[in-house]
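Overview (structure and organization)
Chain residues, written in single-letter form:
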Amino acid sequence: MRTDLAVIGAGPAGLAAALAADRRGLRVALVDAAPEPGGQFYRQPAAGLRAERPQALHHQWRTWVGLRDRLATSSVRVLSEHHVWCVERTPDGPAVHALLGPEQEKPAEVRATAVLLATGGYETVLPFPGWTLPGVVTAGGAQAMLKGGLVVPGRTAVVAGTGPLLLPVATGLAAAGVRVAALVESADPGRLLRHAGALAGKLPEGAGYAARLLRHRVPFLARHTVVRAHGDTRLTGVTVAALDAHGRVRPGTERRLPCDTLAVSHGMLPHTDLAESLGCRLDGLTVAVDAEQRTDVPGVWAAGEATGVGGAALALAEGHIAGRSIAARLRGTVPDPGEWAPAARARARMRGYAAALDAAYAPPAHWTDRVTDDTVVCRCEEVTAGTVREALALGAGDARTVKLLTRAGMGWCQGRMCEPAVAGLAGCEPAPSRRPFARPVPLGVLAEQHEQHTERGPS
Amino acid sequence: MSEPLTCDVVVVGAGMTGAACALYAARAGLAVTVVDRGPVAGGTTGAGEGNLLVSDKAPGPELELALLSNRLWAQVAQELGRPVEYEAKGGLVVAENPETLDGLRRFADTQRAAGVTADPVPADRLHDLEPRLAPGLAGGVRYPQDAQVMPALAAAHLLRASGARLLTGREVTRVLRTADGAVRGVRTDRGDLHAPAVVNAAGTWGGELAARAGVSLPVLPRRGFVLVTEPLPPRVRHKVYAADYVADVASDSAALQTSPVVEGTAAGPVLIGASRERVGFDRSLSLPAVRALAAGATRLFPFLSGVRALRAYAGFRPYLPDHLPAIGPDPRAPGLFHACGHEGAGIGLATGTGLLIAQALTGGTPELDLTPFRPDRFPRTTKEAEQ
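Computed from a prediction, not measured in an experiment: that's the story for all the values here.

**Side note on the overall build of chain A**
- Scanning chain A from N- to C-terminus turns up 14 helices and 22 strands.
- Computed over C-alpha atoms, the radius of gyration of chain A comes to 22 Å, within 12% of the 23 Å expected from 2.2 N^0.38 for 459 residues, which places it in the range of a compact globule.
- For chain A, the spread of C-alpha atoms along the three principal axes comes to 70 × 50 × 45 Å.
- Across the 459 residues of chain A, 54% fall into the buried class.
- For chain A, the proportion of contacts with a sequence separation of at least 24, taken over those separated by at least 6, is 63%.
- When the accessible area of chain A is evaluated, it comes to approximately 19700 Å², of which 53% is carbon and sulfur surface.
- Taking the average location of the 50 positive side-chain charges in chain A and that of its 43 negative ones, the two points are 7 Å from each other.

Structure, rendered in structure tokens:
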């Protein structure tokens, strides 16, 4: 199909952009892998579950209802269960290549004049002994189970790691009836206070979480970490320990907490695969954009977590600005930023929060010391920390060479899970890795496209 | 900062070729230092499939080098054991129609005369060798000498076995020469290394390194993509590719064109490689190249249609205008030796190259005549002519 704007990702950024562009007369296709729009933040229970009060699990429910209702009355074409594997630059504009349905076998192509990458982010989990046991889930995964399936992952949970996601996950699990034995945060809450100025607007939200933790009697262990997860066939408990100012375990502080679920998270990383294969410039690990959310590739905009992890409110503001910019640019006019001044102010404020949170939350400096040689680092290829260390001894100086020598990151997930861990073990900063296919694509689909393109003949 | 003369030879490049040069030079009794601006196997070595092929080579100097390397690889693999993932799996070249088969067989006859083992396989026996091949093929030729290694692991383990001193993350900014032109070491971004001999095993960067020694060597990059599938149980046993024999009767010249090489790996994924494009150092994904690879592979093995590609990666083959590598001493700069420009065959040709370089370094008689590989065989550039 052909459209003016293809928005990839139907989370907050994509929804806001699609609605803003639709209101200004563009033909918009909203492409998303899930059965329903909403993304991870506004993930919806399947209709078949007949949830009576899905809002109980959500923040900003009213914002979502507003977006949902506007989407229903808009002309935006929602292409759900479209798994995008590549966006190709062609002489007639970007071509979005997707695979359809739960099996992801049937190809679909959307040709557009402009494309917005609202591809969101994904969770980082760093390895520790026992982290591959059944019962250990990502914090975001636990939240998705609650929001999407209305199921709780277990009876007694520990929520651990670092970052602002841990609070809503701990309170969400507690509200759903799970006993939360502890919220284990490796960062120092004192560091948050240092950024109190930037975070002033976030304080009521933080206070709300604190009150809910209290109400559900969830012990908050700051500057603590999970040293090891225990269990033979599945999780039976964790050992937690206090950290000193340098991020090392304080001897003698280890204690065991019985639990059947460990929800763990060490932050978020942006999804940049599509941007990279399009040739967009990256700024560190995020897609670089200008004040209008334009990338440096003509016809390609980006918004939301892909341009910097900062939460749903920031994504909404960025998406709104992107949608208005695209509408103006596709009409051949130069947009007036004054028209979106409130959104721009919100964006500036939220980026300030994000920077402050980012500075406060970080995995402890010496986390790699606690990764034993027999700990699996790459789960797809079953590569242990010991094997990674051997590769470093063989002359691998960076994550890419470790990957070549050990196969860490070469499996199904293409290193999305293990890359931060491998970079940490190699002692280098995580760098964006090239993933030409944003998801696996059947060779038959590629071969068929070859036939089609060859038949068209030289142009 | 300057270092005293601590080694006999500096090898520039910690890829497969540099590793093999280091190994054979060390075995010849030389003290070797290997220096690379990146990590081990960071260039073309880390971007290839690890083909050790004789099947795709016409009789001539490259085939002789391939046969020598092939024998040496078998020895090295025996010494180093499993870590290099050497597999003497053999190659199978198939023909889709009788005309192509005819051409392939004649090509194989010439190879056989040059010492290659090439066994004709009739159409009705192809599926004994490769049960999942497409039906209706005209026949093929089996090459038992074709083999495979995991190139990055092979380079790392050869370097370790050589005992050479390894300096990574260190760029050679200049090859140092005495007043009378002889090489006396290299200058790096972190100090000088003094040695009477320097080996240029810098791969695609070999032309630049030659320039830093004051000589010209026209090494150019030729991009290739490799497609990697999801891990599968063993389904493709050989290195399999189709021959499209294009005979130009009028000019009496003949060229063998090939479709992508399809092969299984010890780790499970099937590798499909590789395309050839002259596009400079552009690493971005070329969907047309990747689609052509997929089309070629699924034509040979229809079951691959339903198999998923997990990734594709680009590499740059270093090639010289006549498609032969530069191996041996450079008469323009005494003490400078070249071992680069192997195009897409560098892993396969590495061991032979390493041995020839070691023989040249120690003044021995090289196993092969180095004349076709002379580094100064190309016309001088205008700049050099002016000098």
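Anyway, onward from the coordinates.
**Remarks on the interface of chain B and chain A**
- Taken together, the contact between chain B and chain A spans 39 residues of the former and 37 residues of the latter.
- Looking at the side of chain B facing chain A, the largest losses of area belong to Arg291, Arg308 and Leu310 of chain B, adding up to 24% of the total buried there.
- For the interface between chain B and chain A, the tally reads one salt bridge.
- Salt-bridge contacts for Glu88 of chain A lead to Arg291 of chain B; the nearest nitrogen and oxygen are separated by 3.1 Å.
- Here chain B is connected to chain A by nine residue pairs in polar contact (both at pLDDT 80 or more).
- Where the side of chain B that touches chain A is concerned, the elements lending two or more residues are helix 5 (151-162), strand 13 (220-231), strand 17 (269-273), helix 7 (287-300) and strand 18 (308-319) of chain B.
- In terms of residue count, the dominant contributor to the side of chain B that touches chain A is helix 7 of chain B (eight residues).
- For the side of chain B that touches chain A, the residue count by class is 25 nonpolar, eight polar and six charged.
- Sheet topology places strand 22 (residues 441-442) of chain A next to strand 18 of chain B; two bridges connect them, and they run antiparallel. By the bridge assignment, Pro442 of chain A is partnered in strand 18 of chain B with Arg308 of chain B.

**Re the sheet that holds strand 14 (residues 255-258) of chain A**
Residue and element names in this part refer to chain A.
- One open sheet holds the three strands; their spatial order is 12-13-14, and the pairing between them is antiparallel. The strands lining the two open edges of the sheet, one partner per strand, are strand 12 (224-230) and strand 14. Going from strand to strand, the sheet's axes swing by 30° on average, the running direction of each strand aside.
- Pairing between strand 13 (residues 237-242) and strand 14: four bridges, direction antiparallel.

**Some details on the pattern of salt bridges**
Residue and element names in this part refer to chain A.
- Counted by the stated rule, this structure contains 31 salt bridges over all chains.
- Note that Glu381 and Arg407 form a salt bridge whose closest N and O atoms lie 3.2 Å from each other. Taken together, the residues span a long stretch of sequence, with Glu381 in the loop between strand 20 (376-378) and strand 21 (383-384) and Arg407 in the loop between helix 12 (399-406) and helix 13 (419-426) at a distance of 26 residues. The two residues Glu381 and Arg407 agree in class, both being buried.
- A salt bridge links Glu419 to Arg435, with the nearest nitrogen and oxygen atoms 2.9 Å apart. Linking Glu419 in helix 13 with Arg435 in the loop between helix 13 and strand 22, this pair joins segments that are 16 residues apart in sequence.
- What you see here is one network of salt bridges that share partners, running through Asp273, Arg416, Glu419 and Arg435.

**With respect to the sheet that holds strand 8 (residues 136-138) of chain A**
All names here are of chain A.
- The five strands lie next to each other as 8-15-9-10-11, forming an open sheet whose pairing is parallel. The outermost strands of the open sheet, each flanked by one partner alone, are strand 8 and strand 11 (220-222). For this sheet the average axis-to-axis angle between neighbouring strands, irrespective of direction, equals 20°.
- Pairing geometry for strand 8 and strand 15 (residues 261-265), over three bridges, is parallel. The partner of Val136 across the bridge, within strand 15, is Leu262.
- Each of strand 9 (156-161), strand 10 (179-185) and strand 15 touches helix 4 (residues 166-175); the most contacted strand, strand 10, lies at about 175° to it.

So, how was this worked out
- Residues numbered from 1 in each chain as written.
- Chains lettered and ligands numbered in written order.
- Predicted model: local features only at pLDDT ≥ 70, side-chain atom pairs only at ≥ 80, totals over all residues.
- Heavy atoms only, no water.
- Helix = DSSP H or I, 4+ residues; strand = E, 2+ residues; numbered from the N terminus.
- Rg over C-alpha atoms; globule rule 2.2 N^0.38 Å.
- Buried < 20%, exposed > 50% of the residue type's maximum accessible area, 1.4 Å probe, protein only.
- Contact = heavy atoms within 4.5 Å.
- Areas by Shrake-Rupley, 256 points an atom, 1.4 Å probe, with all protein chains shown as cover.
- Lys, Arg positive; Asp, Glu negative; His and termini not counted.
- Charge placed at Lys NZ, Arg CZ, Asp CG, Glu CD.
- Buried area = accessible area lost by both parts, 1.4 Å probe.
- Salt bridge = Lys/Arg side-chain N within 4 Å of Asp/Glu carboxyl O.
- Polar contact = N/O pair within 3.5 Å; in protein donor to acceptor, adjacent residues only side chain to side chain.
- Nonpolar A, V, L, I, M, F, W, Y, C, P; charged D, E, K, R; others polar.
- Pairing = 2+ DSSP bridges.
- Axes fitted to C-alpha atoms, helices over the stretch in contact; angles between N-to-C directions.

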